[in-house]
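Residue-level structural notes
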2 protein chains.
Amino acid sequence: MAAGAAHVASPAKETLPEKPVRFDLRPAMPDVGLFPRKAWASAIRIALNALPASDLGYGDLRGSPILRSALADYLGRVRGLVADPTRIFITSGFAEGRALACVVLQAVGVRRVAVEDPGYSDWIAVDKAGLIRVPVPVDENGIDVDQLIATAAEGALITPSHQFPIGGVLSASRRQRLVKWLEEQDRYVLEDDYDAEFRYDQAAVGALQGLAADRVIYAGTASKTLAPALRLGWLVVPPPLVAPMDAELRRWKEGSPRIEQDALAHLMQTGAYDRHLRKMRRIYRDRRDLLLGFLKRELPELSIEGAAAGLHVTVRLPPHFTAANEAGVVAFLRDRGLATEGLGRYTENASGPRRLFIGYGRIADSAIGPSIRLLAAAVRSFALPLP
Amino acid sequence: MAAGAAHVASPAKETLPEKPVRFDLRPAMPDVGLFPRKAWASAIRIALNALPASDLGYGDLRGSPILRSALADYLGRVRGLVADPTRIFITSGFAEGRALACVVLQAVGVRRVAVEDPGYSDWIAVDKAGLIRVPVPVDENGIDVDQLIATAAEGALITPSHQFPIGGVLSASRRQRLVKWLEEQDRYVLEDDYDAEFRYDQAAVGALQGLAADRVIYAGTASKTLAPALRLGWLVVPPPLVAPMDAELRRWKEGSPRIEQDALAHLMQTGAYDRHLRKMRRIYRDRRDLLLGFLKRELPELSIEGAAAGLHVTVRLPPHFTAANEAGVVAFLRDRGLATEGLGRYTENASGPRRLFIGYGRIADSAIGPSIRLLAAAVRSFALPLP
């Protein structure tokens, strides 16, 4: 998912050398230490052996037919998508998928798009496509659909399954209103389903695309389920956007790397992908429970949001905290080797409660206690009444 | 190389089902049947084992530091490039490299670009970047540099090592004039070094970039040397264009697939890449000699161009052949299961001698004789005086 992605990759490039990170609690990074190296190497070997020489040439612009077919099955079964292979496009992760979707929306006449606030930290793909962003507030039930409709935007970019970064799930009633709007007004929405696979307490929520397959561009990725370094993602595109997507893609590429696509398809078709996800879900849930336990012990006065899914939780800071207090906590922690993020990274709106986002994708169990104690000390030091 | 790439991939999509291809003599496709599967699978395994978990996250936007370092060595040694890793960008094959280069040229103020005529068959990446093409003729010494300069274009896209599709090598005197112009006028040129590795009779010609590293965007690819399905290419960018390239890339991607990049680096660093190229060079040279032998026997009256390098030769049709005759020969052959291409695919200029491009990348030795006999019959049937 690009918000996390852009975030994770950028600090090293943007800033001067910082203190080394001892505790990395930034959101939206999976535990790449548990990447299934053996299964992947074996899947690569099997995919390469199975590939006829004729498929080592320039491939299908939309991606390997084998992976697109495996994804159609997987997304239909696990996420409730309407996804025949002809409307699936393989991308270089979510980043390329979002950039392409924005260009295609612009090509079919969209100018203003509603976006979540707080939402992504990086809007370059939206802005460079010539789209105008209209921020819409979110709460624990996802984006405010009434306000979205009131913007009269011609499209939207949303994270309905687990709003990034707050963590709400778009409620059933909002989904219904959104679908009605999409269909009555012939609008399009980009659904970023970035961590749908990691859901711990709730029943799984199906993708929005399953309710409005002709109005939703669905974006998924293997970055969270396997590893960002694979750079494998996918778009499922409404039929009227397939031809514009082909036209844009022809400018940029001659298909995607074939062997890795077929390796992923192999993992999906043999059940190894599901097994890996079940294993990771257990590990992340246990680690989240540990994190929640420490948060409850060290910071019982603060409420936690968005813990039912994903790879981070949201800590709501005390009511009197300002954006400056929040930034102060983040800087205080960073100075002590703990990397986390505040709401300020994801919004320009200074009103409302302040928040910290605590990722547990890549922190060792043993580091959670010391991290949360440090966090508590930081919050306390900024919570003191000003002299 | 995109000309061939675009060409090879598109016919199946653009046209209705055709007769099956028995003899595939289209240019610009390597012999993917000889892709080193074992070496590649082994390199993937070694690269994955060597990769620390921290490198399985979101990677460097410009590509793997390991591959960029291996390429700096390789390109310096084999192609005479000035190529430190900081100016190297890994791309999804030449297609993405060209598209990015065009956008970056536009971003630094270039509007009109000189292009080779005949040249690429697909200009979508140039046109969509907002660049205006100014066609400049080519001959057996490559693009006519005096005419290029006379266009007053602000940049150029050229194939100096082996002009595509005619096959000329940009002469030393033209290189000098071109470099002088680039430096005096602060112009940029995209050098597509698409099949520099396959050179049979001549001494290797160094890349133009080695003569003007601050004015040349160099583009290379593994599509011809290994297989198009890998989607691995690279750009070497003048220092003033590094930041604009970073800015554009941030819109599209979070780096490139890491494991495959390091696998290619492993092949380069261990000498396996050089060994594979030596082997392929022998095979292609022998196959070319066989092809030239049949052409001399069956069509002794026609002259052959561009045979000293690359994966195709150019057959110059008899002087009275028109564009319609040439298209007739191509259609006649295609109807009989032989796929080849005429000059008409690569130019809109109807004057001058007509040509056929005969690729030998993917034809079996045993099929060369029958193919050339069929070709000779086609040329003869169109060479008969009209009644």
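The structure contained in this document is the topic of the report that follows.

Counting its secondary structure elements, chain A contains 13 helices and 14 strands. The C-alpha atoms of chain A give 21 Å as radius of gyration, which agrees with the globular expectation for 387 residues (21 Å, within 12%). Along the longest, intermediate and shortest principal axes, the C-alpha atoms of chain A span 70 × 50 × 40 Å. Within the span of chain A, comprising 387 residues, buried residues form 63% of the whole. When contacts within chain A are restricted to residue pairs at least 6 apart in sequence, long-range pairs at least 24 apart make up 77% of them. Carbon and sulfur atoms make up 54% of the accessible area of chain A, which totals about 13900 Å². Mean positive and mean negative side-chain charge positions of chain A (49 and 44 charges, respectively) differ by 5 Å.

For these two chains of identical sequence, chain A goes onto chain B by a turn of 180° and a shift of 0.0 Å along the axis, with RMSD 0.0 Å. Interpreted geometrically, this transformation is the action of a two-fold axis. Take the interface residues of chain A: 100% of them recur as interface residues in chain B, which is what a same-surface contact looks like.

Once that is clear, we can look at the sheet that holds strand β11 (residues 312-316) of chain B. The pairing of strands in a sheet happens through backbone hydrogen bonds and is either parallel or antiparallel. Residues and elements named next belong to chain B. Pairing is antiparallel across the open sheet formed by four strands, whose spatial order is β10-β11-β14-β13. Each edge of the sheet is formed by a strand with only one pairing partner; in this case those strands are β10 (304-305) and β13 (341-342). As defined by bridge partners, β11 adjoins strand β14 (residues 355-359) across five bridges and the pair is classed as antiparallel. Each residue of the ladder has a partner; that of Val313, found in β14, is Ile358.

Here is what the cut-offs are and how they apply
For every chain, the first residue of the written sequence is number 1, and numbering continues from 1 onward in sequence order. Starting at A for chains and at 1 for ligands, labels are handed out in the order in which the entities are written. Where totals are concerned, whole chains, interfaces and linings use all residues; where local detail is concerned, this predicted model gives features only for residues with pLDDT of at least 70, and gives and counts side-chain atom pairs only at 80 or more. Hydrogens and waters are ignored; side-chain quantities use all the structure's heavy atoms. What counts as a helix is a DSSP run of H or I of at least four residues, what counts as a strand is a run of E of at least two, and both are numbered from the N terminus. Every radius of gyration here is taken over C-alpha atoms, with the globule rule written as 2.2 Å times N^0.38, N being the number of residues. When accessible area is computed with a 1.4 Å probe and restricted to protein chains, residues below 20% of their type maximum are described as buried, those above 50% as exposed, and intermediate ones as partly exposed. Any pair of residues with heavy atoms lying within 4.5 Å of one another is described as a contacting pair. Per-residue and other accessible areas follow the Shrake-Rupley method at a 1.4 Å probe size, with only the shown protein chains counted as cover for residues. The positive count covers Lys and Arg only, the negative count covers Asp and Glu only, and His and the chain ends enter neither. Here the site of a charge means atom NZ of a Lys, CZ of an Arg, CG of an Asp or CD of a Glu. When the copies are overlaid, the least-squares fit takes in C-alpha atoms only where the residue has pLDDT of at least 70 in both copies. Pairing between strands is defined by DSSP: at least two bridges between the two strands are required.

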